[in-house]
Amino acid sequence: MKKETDYLIVGSGFFGSVLAERISRVLNKRVTILEKRNHIGGNCYSHRDEETGIEYHKYGTHIFHTNSKEVLQYLSQFTELNGYYHQVLTTHKNRVYQMPINLETINAFFGVNLRPFEVKDFLSQKIPKGLDNPKNLEEKAISQIGPELYNAFIKGYTAKQWQKDPKDLPASIINRLPIRSSYNESYFNNGRYQGIPLEGFTAIFEKMLDHELIEVHLEKDYFQERDNYEVLEKTIYTGPIDRYFEYCFGKLDWRSVRFEHEVKDVEDYQGTSVMNYADLEAPYTRIHEPKHLHPERKSTQKTLIIKEYSHDDEQAPYYPINDEKNKELYRQYAQKAKQEKDVLFGGRLGTYSYYDMDQVIAQALTQFQKLS
Ligand code: UDP
């Protein structure tokens, strides 16, 4: 016999969990969540390292940041933020620079002492002519910062991260990264409100999903389970959209990452939560040191570091590759998704979008308005 539910939600990341929370509490409807992994929270999942007791983000450092008061207010029902302010450094030829590229990076790299109003002229002398309409990531970056800074800080890192020549990547990826002529070292442009949840990310999801109308089933694959359910309202699908349609137009490309953990017998290994490695000689893209994400907690004698490598793994998609080929393919899937009237597609994987957490939460809240 089939099990009845009002909503069947596939995946317990932010999109699925926000909707589960809203649907159960506001609409008073039953929600069943099917989660393929053995934990909730999607890629935001955090937990404690056994040896050191340090909390870390299993799928790479996640910093909540937003300019949206509405998103912050929503999240504040489940957590307080700890005041952590994200700053990134990058290592090039064994020297450490600030990232994103700012006045400190430019001055240190070129051995000059420019003032903010001098940066534009200084860089424009380096930018080759004819790049008014940059067609790819490389052209876009060179048109903004010139070839030297590009070669030092962008080219190698991007090639490692995407495992592609930056000439074959869309310019839009680099738009995420600000270029600054001041000493502002904030990593995010939209970082009016930022921080890490005081009790970590997983605690938020536990609170969101703690409701008598929500049932969570871990280690359950939707495609094997779906025939067991009768869904009275809608299915909310947050898995890869191409998988949903059995790859009928072909497979979308995703980039995945893998992590290597090491415990170091020092209190502080690198002095910051994320250190990028700009050169190809370092096989990893960055090293995370999660204890720095919680400066409010008591420090431990040892520290945990996590090396991040780019990786091809269809089973663990992280980043959509928004080049022309994939964008076109996604357009076809999105068209087909529109015809599935009883299914709502959302989240990074369900919409093949390079979203940050706050965008996913905002998207889920907007979709909820349409449901109710
Ligand atoms: N990027 C780079 N060097 C860096 C950091 C970022 O070239 O030190 C480029 C790279 O192409 C990357 C993009 O900027 O894909 C966006 O970086 P972001 O940190 O936003 O990526 P995420 O944290 O989402 O992996």
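Quick note: structure is the one above.
Read on for a plain summary of the structure. Model, not experiment: these values are computed from the prediction. By convention here, each chain's residues receive numbers from 1 onward along its written sequence. Where totals are concerned, whole chains, interfaces and linings use all residues; where local detail is concerned, this predicted model gives features only for residues with pLDDT of at least 70, and gives and counts side-chain atom pairs only at 80 or more. Excluding hydrogens and water, the side-chain values take into account all heavy atoms of the structure.

What about the overall build of the protein chain?
Comment: elements are numbered from the N terminus, with helices defined as DSSP H or I runs of at least four residues and strands as E runs of at least two. Per the secondary structure count, the protein chain includes eleven helices and 16 strands. Any residue under 20% of the maximum accessible area for its type is buried, any over 50% is exposed, and the rest in between are partly exposed; the area is computed with a 1.4 Å probe on protein chains only. Scored against the burial criterion, the 372 residues of the protein chain give a buried share of 55%. Put simply, of all contacts in the protein chain between residues at least 6 apart along the chain, 73% involve residues at least 24 apart. All accessibility values rest on the Shrake-Rupley procedure with a 1.4 Å probe; residue burial counts only the protein chains present in the view. Entry remark: accessible area of the protein chain is about 17900 Å², with carbon and sulfur atoms responsible for 44%. Charge counting follows a simple rule: Lys and Arg are positive, Asp and Glu are negative, and His as well as the terminal groups are ignored. To locate a charge, take atom NZ for lysine, CZ for arginine, CG for aspartate or CD for glutamate. For the protein chain, the distance from the average position of its 49 positive side-chain charges to the average position of its 54 negative side-chain charges is 4 Å. Residue contacts are counted whenever heavy atoms from the two residues lie within 4.5 Å of one another.

Observations regarding the sheet that holds strand β2 (residues 31–34)
For two strands to count as paired, DSSP must find a minimum of two bridges between them. Judged by pairing direction, the sheet is parallel, and its five strands sit side by side in the order β9-β2-β1-β10-β16 without closing on themselves. Whereas interior strands pair on both sides, the edge strands pair on one side only; in this sheet they are β9 (214–217) and β16 (343–345). In this sheet, neighbouring strand axes are inclined to one another by 25° on average, regardless of whether the strands run parallel or antiparallel. Alignment of strand β1 (residues 3–10) against β2, held across four bridges, turns out to be parallel. Each residue of the ladder has a partner; that of Tyr-7, found in β2, is Val-31. Angles here are taken between N-to-C directions and fall from 0 to 180 degrees, while the axes themselves are lines fitted to C-alpha atoms, restricted in helices to the stretch in contact.

A short note on the environment of Asn-43
Its place among the elements puts Asn-43 in the loop between β2 and β3 (46–48). For Asn-43 and Thr-66, which are 23 residues apart along the polypeptide, the C-alpha to C-alpha distance reads 18 Å. Not counting chain neighbours up to four residues away, the residues in contact with Asn-43 comprise Arg-37, Tyr-59, His-62 and Tyr-318. We define a polar contact as two N or O atoms separated by no more than 3.5 Å, with the added condition that, inside protein, one atom must be a possible hydrogen donor and the other a possible acceptor, whereas residues neighbouring each other in sequence contribute only through side-chain atom pairs. Side chain to side chain, Asn-43 and Arg-37 meet in a polar contact 2.9 Å long.

A word on the pattern of salt bridges
When a carboxyl oxygen of Asp or Glu lies within 4 Å of a side-chain nitrogen of Lys or Arg, that pair is called a salt bridge. All chains considered together, the criterion is met by 20 salt bridges. Between Glu-262 and Lys-264 there is a salt bridge whose closest N-O contact spans 2.9 Å. Overall, Lys-264 belongs to the partly exposed group, its relative accessible area being 23%. One salt bridge in this structure joins Arg-331 and Glu-328, with 3.1 Å as the shortest N-O distance.

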